[in-house]
Amino acid sequence: MGKARLSGRIALSAPINLADTLKGGQTFRFRKIDDQPSFCGVYKGTLLELTEPGPSSEILYQVHGFSPGRFGELKAFRRFEMLQAEVERLIKEYLCIDLNVDELKTIVNAASNNVELHSPTAFHVRVLAQERFETLIAFITSANNNIERITKLLGKLCSTFGEEIYPLEFDDKGRFRLLDEGCPIFRSTHENFSHAFPTARRIWKLGGESPEKLSTTLREMGFGYRAKYIAKTVQILAEDEGHPFYADYDRNSLEEYEKCTTMLQTLQGVGKKVADCIALQGFQFGCAVPIDVHIRRISINEFRVAGFTKLKLDRALTGTDYRIIADFYRTTFGHHAGLVQQVMFVYSLHRSKASTHVALKPEKEAPKRKLAPTDAKDTLRRRTRRN
């Protein structure tokens, strides 16, 4: 046997921007490769490298390895061609590649044509179809935190509790196996991305099956006050495999969405916005619309809605503000509501980079605290801390 590459190209029916999608605060398990338009990260126990589409409108991908658990699931795909097809299906699922961008543009432009006018590439963002448990833990961790720190904390969590990822090799007949030799080099090359995200049951078992022990371990890893929230949530989900967190939900039902977010808010460390983030990305509820002060500001500036006249930019976000804005998105954009929220955020980042536009009206979250961002990175950092 010799080392081989599991790689290929995926044709796109509509443009996609990987930087806005993978590094915009949705996932914390991808990193940009220095001096390259490529990103490396882990999804469902698969270590992927994805490259921004060029003029050919194709995403280039390479699989660097699998976790043993994921590899066991793939043994049914006995030949290279079958394995490659399954990997491409996985990538398409994760990036929501088959999105109808023309339909999205039409409904947004009907409400405000500024996005198309000032930042047409904002429509190239996608809402990632992430794993539920990973999304839950990631957004509990995100409270009052920044992207770099969240990424490091989740990397520590995975390296402590997750299955290690091993490189793949093939023989001349297309048969494949995991290569468990020379893995320290492989692990150091991929830094915090050499392990799969663990399940609740795995964390609970390796953490001593005690919320106190697990909380202590998480605190030592740097999770701070979030440690006790994560420990208790892990206990609940590990000990009850019939918990409604694992239930099947109708993603096209508003009633099911409300049931899901109500359930999520019974878990430690999950408030309304975090519940909406998890419902949107982990459960794929398109009607879930996470609202923060930045989305309130963008929405008031961009959409001329009668109900928005009562909203004030110089006060903390209230429950009424949240409901009015989220209901507007759901009523106006339907199953694209959560995606439009992401488009509007990316649009605001793009406009903040431009030197010729008139700045959006600044907003204060609380008295004596200036929140108007000075650049796109500052906006992203502040938004992440409020997840």
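Residues numbered from 1 in each chain as written. Predicted model: local features only at pLDDT ≥ 70, side-chain atom pairs only at ≥ 80, totals over all residues. Heavy atoms only, no water.

- The name an unreviewed UniProt entry assigns to the chain is DNA-(apurinic or apyrimidinic site) lyase, from the organism Mesorhabditis spiculigera.
- One UniProt comment on the chain, placed under Sequence similarities (unreviewed entry), says "Belongs to the type-1 OGG1 family."
- In its Catalytic activity (unreviewed entry) section, the UniProt record describing the chain reads: "2'-deoxyribonucleotide-(2'-deoxyribose 5'-phosphate)-2'-deoxyribonucleotide-DNA = a 3'-end 2'-deoxyribonucleotide-(2,3-dehydro-2,3-deoxyribose 5'-phosphate)-DNA + a 5'-end 5'-phospho-2'-deoxyribonucleoside-DNA + H(+)". (UniProt positions renumbered as here; feature names shortened; annotations may be inferred.)

## Focus on the overall build of the chain
No. 1: When helices and strands are counted, the chain shows 17 helices and 10 strands.
No. 2: Evaluated residue by residue, the chain yields a buried proportion of 55% over its 387 residues.
No. 3: Long-range contacts, defined as pairs at least 24 residues apart, comprise 69% of the intrachain contacts of the chain with a sequence gap of at least 6.
No. 4: Split by element, the accessible area of the chain, about 17,500 Å² in all, is 49% carbon and sulfur. (Helix = DSSP H or I, 4+ residues; strand = E, 2+ residues; numbered from the N terminus. Buried < 20%, exposed > 50% of the residue type's maximum accessible area, 1.4 Å probe, protein only. Contact = heavy atoms within 4.5 Å. Areas by Shrake-Rupley, 256 points an atom, 1.4 Å probe, with all protein chains shown as cover.)

## Topic: unusual backbone geometry
No. 1: Residue Glu209 is not a glycine yet carries a positive backbone phi of 50°.
No. 2: With respect to the secondary-structure elements, Glu209 resides in the loop between helix H9 (200-206) and helix H10 (211-221).
No. 3: Even without a glycine there, the phi angle at Gln284 is positive, about 60°.
No. 4: Note that Gln284 resides in the loop between helix H13 (272-281) and helix H14 (293-302).

## Thoughts on the packing of helix H15 (residues 319-333) against helix H16 (residues 337-353)
No. 1: Where H15 meets H16, the axes come as close as 8 Å, and the angle between the chain directions of the two elements is 115°. Overall, the two elements H15 and H16 adopt an arrangement that is roughly perpendicular. You can see that H15 and H16 cross each other, and the crossing is right-handed. In contact with Tyr329, Arg330 and Phe333 of H15, H16 contributes Ala337, Val340, Gln341 and Met344.
No. 2: Its residues assigned to classes, the contact of H15 with H16 shows 5 nonpolar, 1 polar and 1 charged. (Axes fitted to C-alpha atoms, helices over the stretch in contact; angles between N-to-C directions. Parallel < 35°, antiparallel > 145°, perpendicular 65-115°, else oblique. Left-handed = near helix turned anticlockwise from the far one by under 90°. Nonpolar A, V, L, I, M, F, W, Y, C, P; charged D, E, K, R; others polar.)

## Section: the pattern of salt bridges
Side-chain pairing between opposite charges can occur once the charged atoms of the two side chains come close.
No. 1: On inspection of all chains with the given rule, the structure shows 16 salt bridges.
No. 2: Across the pair Arg201 and Glu209 runs a salt bridge, and its minimum N-O distance is 2.9 Å.
No. 3: By relative accessible area, Arg201 is classed as partly exposed at 38%.
No. 4: One network of salt bridges, in which partners are shared, links Lys44, Arg70, Glu73, Glu86, Arg89 and Glu93. (Salt bridge = Lys/Arg side-chain N within 4 Å of Asp/Glu carboxyl O.)

## Observations regarding the layout of surface pockets
No. 1: Size it by volume and the largest pocket reaches roughly 1,300 Å³.
No. 2: Along its surface, the largest pocket is lined by 48 residues, and Ala129, Gln130, Glu131, Gly282 and Gln284 are the ones closest to its centre.
No. 3: For the lining of the largest pocket, the secondary-structure elements that each account for two or more residues are helix H2 (68-74), helix H3 (80-95), helix H6 (132-141) and H9. (1 Å grid on protein atoms, 1.4 Å probe; cavity = no way out; pocket = protein on both sides within 12 Å on 5 of 7 lines; lining within 4 Å. Points joined across faces, edges and corners; volume = space filled by probe spheres on them.)

## Some thoughts on the packing of aromatic side chains
No. 1: Counted by the stated rule, this structure contains 18 aromatic pairs.
No. 2: On the numbers, 6.1 Å between centres and 70° between planes, the contact of Phe133 with Phe197 is edge-to-face. Remark: Phe197 occurs in the loop between helix H8 (183-189) and H9 and Phe133 occurs in helix H6; sequence separation between them is 64 residues. Side by side, Phe133 and Phe197 carry an identical accessibility label, which is buried.
No. 3: Taking 6.0 Å as the distance between ring centres and 80° as the angle between the ring planes, the aromatic pair formed by Tyr225 and Tyr229 counts as edge-to-face.
No. 4: Judged by relative accessible area, which is 34%, Tyr225 ranks as partly exposed.
No. 5: A network of ring pairs unites the aromatic residues Phe245, Tyr246, Tyr249, Tyr257, Phe283 and Phe285 as a single cluster. (Phe/Tyr/Trp six-rings, centres within 6.5 Å; stacked < 30°, edge-to-face > 60°.)

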